[in-house]
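The primary structure of each chain is shown beneath.
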Amino acid sequence: MALKNFKKATATVKDLDLTPFMCLMVVLVPILLLQAEFAQIAIIDINLPEGRGSQTKQTVKQRPKEEENKLLLTAIITDSVLTLGAKGGFLPSLFYQEFHKYITKDDGKELTVKYDPKNPEPPKHPVTGRPLEIYERYDIYLYSCDQDYEEINKCLYTKYGEMLTDVDGVPVQKVEPGDTVYALSNPRRMSVVRDPSEFQLQPMSVYDELKNRLMKVKERFKDADDAENIIIAAENEVLYDKIVQIMDAARQAEFPNISIAKLRG
Amino acid sequence: MAKKRGRAPKKNRREGLQITSMMDMFTILVVFLLKQFAAEGAILTNADNLVLPNSVSKKKPKEVNLQIAVTHDMVLVDNLPVVPTEDIRNIPHDNPDPSNPKLEERLRSHYAQEEEMVRLGALNEVEGKVIVQVDKNMDFDVLYKIMNTCGKVGYNNMNFAVMERES
């Protein structure tokens, strides 16, 4: 009889009492979610400025004397031109115009304005008319243009923001159904055009064209001794943001060893 | 009769809330969030009024190194202000070996500390690693001069901190 009673009592306790654990979870999850950082910081590896600051053995070791089979690829950026050069010579310069995208702090409006280097005034807020701060500048776009800085070159982009080129790596402005095009990713993605309206005609970004050219250089000079090196040479006034964007283009085109140099004015 | 006996206890049982699946979810969520913390930590601390440029780089900072932050007003070494950025900018352009004495001195003392640690056996070798956080609206001139100062002292292994571009 006693045993029967005992059995009855234990049979009703089926589950663990999870309430305290639940309470813990309910507290922990919001705390961790609140603390989690969603803006992630990453890093870029670079080498020291060429020809300077190489007093230590480490850097001297990296630069051997013989430079026979060397490419010495250099990307040169000034306030209006981006040029790609190597030991053999220079590719045609890419002239660019700057467009700045601002996102206003108070009402979150997006505003893209053309930047004139001769008259570097910040734009006015569309509603209140106050000059916008430099911290509200969200992005800098460099659009390729002609030599006289009048007309902006355009080319087709996919919906993922990749530039379209033909077989030879020349950007295309117009496609017909049945054409073979290549989207600028690494490696290039071939596709046959079904519907030309899939692609949008947009101003050509200088960074995309740089990436395109770098990929061509990479293909042709695979066996150079320094096929992974690139030197970025910049003028004094060039903004750091542009240099980082060029580094991105270089890394995507598989030039991971980036050095930085200065153009003497 | 047998059926009746089988059903009767079921009716009497109080049905509790089925929280098993929710518990599973919560456990996974907590483990995931905790892991994210363990992997990331706050190795880099973001200085005020310092906007890092966006980049597609996926490389994560692994260990704690010397940090240099360059804002519009001050240059900070390990979050301590050292020298106004204006002083760095004012170094003449034609100086073939531009460096700022104050910054150089501070970096040298950090370098000496690292060497001391190697001597004591706490580190294997002097790595000369430094993470540079530069505001994205900074001009190249300042960056170059700071890089040169670092190189002069022996910090050759440089990393730029950037924000990961979402997409």
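Since the structure is predicted, the reported quantities are computational estimates derived from the model, not experimental observations.

Visitor: Run through the overall build of chain A, naming residues and quoting values.
Guide: In terms of regular secondary structure, chain A is built from 5 helices and 14 strands. Burial statistics for chain A: of 265 residues in total, 26% are counted as buried. Taking the intrachain contacts of chain A between residues at least 6 apart in sequence as the baseline, contacts between residues at least 24 apart amount to 59%.

Visitor: Requested: an account of the overall build of chain B, with residues and values cited.
Guide: Each helix and strand in chain B was counted, giving 5 helices and 6 strands. If you list the helices and strands of chain B from N to C, you get α-α-β-β-β-β-α-α-β-α-β. Within the span of chain B, comprising 167 residues, buried residues form 31% of the whole. A separation of at least 24 residues holds for 67% of the contacts in chain B among residues at least 6 apart in sequence.

Visitor: Help me get a handle on the environment of Met215(A), residues and values and all.
Guide: Residue and element names in this part refer to chain A. Residue position: Met 215 is located in helix H4 (residues 206-220). The class for Met 215 is buried, based on 22 C-beta atoms found within 10 Å. Through-space distance from the C-alpha of Met 215 to that of Thr 104 is 37 Å; in sequence the pair is 111 residues apart. Contacts of Met 215, omitting those with residues within four sequence positions, involve Asn 186 and Ala 253.

Visitor: Any chance you could break down the pairing of strand S5 (residues 94-103) of chain A for me, citing the residues and the numbers?
Guide: Residue and element names in this part refer to chain A. One ladder, built from 2 bridges, connects strand S3 (residues 81-86) with S5; its direction is antiparallel. Pairing of Leu 82 across the sheet is with Leu 94, part of S5. Here 8 bridges tie S5 to strand S7 (residues 137-145), and the two strands are oriented antiparallel to one another. Opposite Tyr 96, over in S7, you have Ser 144 as the bridge partner. When S5 meets strand S6 (residues 110-115), the two strands line up antiparallel, connected through 6 bridges. Its bridge partner lying in S6, Glu 98 is registered against Tyr 115. Two successive antiparallel strands, S5 and S6, enclose a turn made up of 6 residues, where Gly 108 displays a positive phi of approximately 65°.

Visitor: Can you explain helix H4 (residues 101-120) of chain B? Please cite residues and give values.
Guide: All names here are of chain B. For H4, which comprises 20 residues, the first-to-last C-alpha distance of 28 Å matches the rise-based estimate of 28 Å (1.5 Å per residue) to within 8%. Those residues of H4 that fall on the buried side of the exposure criterion are Leu 103, Arg 106, Leu 107 and Glu 114. Burial along H4 is one-sided: seen end-on, the buried residues are contained in an arc of 95°. Residues of H4 that are exposed and point over 90 degrees away from its buried face: Pro 101, Glu 105, Ser 109, Ala 112, Glu 116, Arg 119 and Leu 120. Among the structural elements, strand S3 (74-77), strand S4 (80-84) and helix H5 (140-153) are those in contact with the buried residues of H4. Gly 121 sits one or two positions beyond H4 and adopts a positive phi of about 90°.

Visitor: Let's hear about the interface of chain A and chain B: which residues, and what values?
Guide: Taken together, the 44 residues of chain A in the interface contact 47 residues of chain B. At the level of secondary structure, the elements contributing two or more residues to the side of chain A that touches chain B comprise helix H2 (19-35), strand S1 (41-46), helix H3 (57-62), helix H5 (240-252) and strand S14 (257-262) of chain A. Here the residues of the side of chain A that touches chain B are counted per class, giving 25 nonpolar, 9 polar and 10 charged. When S1(A) meets strand S6 (residues 157-164) of chain B, the two strands line up antiparallel, connected through 6 bridges. Looking at S6(B), one finds that Ile46(A) is bridged to Met158(B).

Visitor: Break down the nonpolar core for me, with residues and values.
Guide: Formed by 64 residues in total, the largest nonpolar core has its most connected members in Leu210(A), Ile232(A), Ile243(A), Ile246(A), Ala250(A) and Ile146(B). Excluding residues that lie within four positions of it along the chain, Leu210(A) makes contacts with Ala75(A), Leu82(A), Leu84(A), Ile246(A) and Ala249(A). The next biggest cluster of nonpolar side chains, apart from the first, holds 8 residues, and it includes Cys155(A), Leu164(A), Phe199(A) and Met204(A).

Visitor: Give a description of the sheet that holds strand S11 (residues 189-192) of chain A that names residues and reports values.
Guide: All names here are of chain A. The 3 strands are arranged S9-S10-S11 in an open sheet whose pairing can be described as antiparallel. Strands at the two margins of the open sheet, each flanked by one partner only, are strand S9 (164-165) and S11. Relative to strand S10 (residues 180-183), S9 runs antiparallel, the two sharing 2 bridges. Counted as the bridge partner of Thr 165 is Tyr 182 from S10.

Visitor: Outline the confidence of the model for chain B, supporting the account with residue identities and numerical values.
Guide: All names here are of chain B. Summarising the model, chain B shows a mean pLDDT of 79, and 81% of its residues fall at 70 or more. Taken element by element, chain B is modelled with least confidence in helix H1 (residues 2-12), mean pLDDT 48, and with most confidence in H4, mean pLDDT 89. Counted against residues more than four places away or in other chains, residues 1-8, with its pLDDT under 50, gives 0 contacts. Reported confidence for the predicted complex is 0.73 by ipTM and 0.76 by pTM.

Visitor: Tell me about H4(A), and name the residues and values.
Guide: Residue and element names in this part refer to chain A. Over its 15 residues, H4 runs 21 Å from end to end, which matches the ideal 21 Å to within 8%, given 1.5 Å per residue. Listed as buried for H4 are Val 206, Tyr 207, Asp 208, Glu 209, Leu 210, Lys 211, Asn 212, Leu 214, Met 215 and Val 217. On its buried face, H4 sits against strand S2 (74-77), S3, S5, S7, S9 and H5.

Visitor: Any chance you could break down the packing of H4(A) against H5(A) for me, citing the residues and the numbers?
Guide: Residue and element names in this part refer to chain A. Interaxial distance between H4 and H5 falls to 9 Å at its minimum, and their mutual angle equals 30°. The hand of the H4/H5 crossing is right-handed. Contacts between H4 and H5 pair Tyr 207, Leu 210, Lys 211 and Leu 214 from the former with Gln 245, Ile 246, Ala 249, Ala 250 and Gln 252 from the latter. Looking at the contact of H4 with H5 residue by residue, the class counts come to 6 nonpolar, 2 polar and 1 charged.

Visitor: Give me the packing of H4(B) against H5(B): which residues, what numbers.
Guide: Residues and elements named next belong to chain B. Running from N to C, H4 and H5 point in directions that differ by 40°, and their axes come no closer than 9 Å. In terms of orientation, H4 and H5 fall into the oblique class. Taken as a pair, H4 and H5 cross one another with a handedness that is right-handed. In this structure, H4 uses Leu 103, Glu 104, Leu 107, Arg 108 and Tyr 111 to contact H5, whose residues at the interface are Thr 149, Cys 150, Lys 152 and Val 153. Taken together, the residues of the contact of H4 with H5 break down into 5 nonpolar, 1 polar and 3 charged.

Conventions adopted
- Residues numbered from 1 in each chain as written.
- Chains lettered and ligands numbered in written order.
- Predicted model: local features only at pLDDT ≥ 70, side-chain atom pairs only at ≥ 80, totals over all residues.
- Helix = DSSP H or I, 4+ residues; strand = E, 2+ residues; numbered from the N terminus.
- Buried ≥ 20, exposed ≤ 12 C-beta atoms within 10 Å, placed from the backbone.
- Contact = placed C-beta atoms within 7 Å.
- Pairing = 2+ DSSP bridges.
- Expected span 1.5 Å × (residues − 1).
- Arc of directions from axis to C-beta.
- Nonpolar A, V, L, I, M, F, W, Y, C, P; charged D, E, K, R; others polar.
- Core = buried A, V, L, I, M, F, W, Y, C linked by C-beta atoms within 7 Å.
- pLDDT = per-residue confidence, 0-100.
- Axes fitted to C-alpha atoms, helices over the stretch in contact; angles between N-to-C directions.
- Left-handed = near helix turned anticlockwise from the far one by under 90°.
- Parallel < 35°, antiparallel > 145°, perpendicular 65-115°, else oblique.

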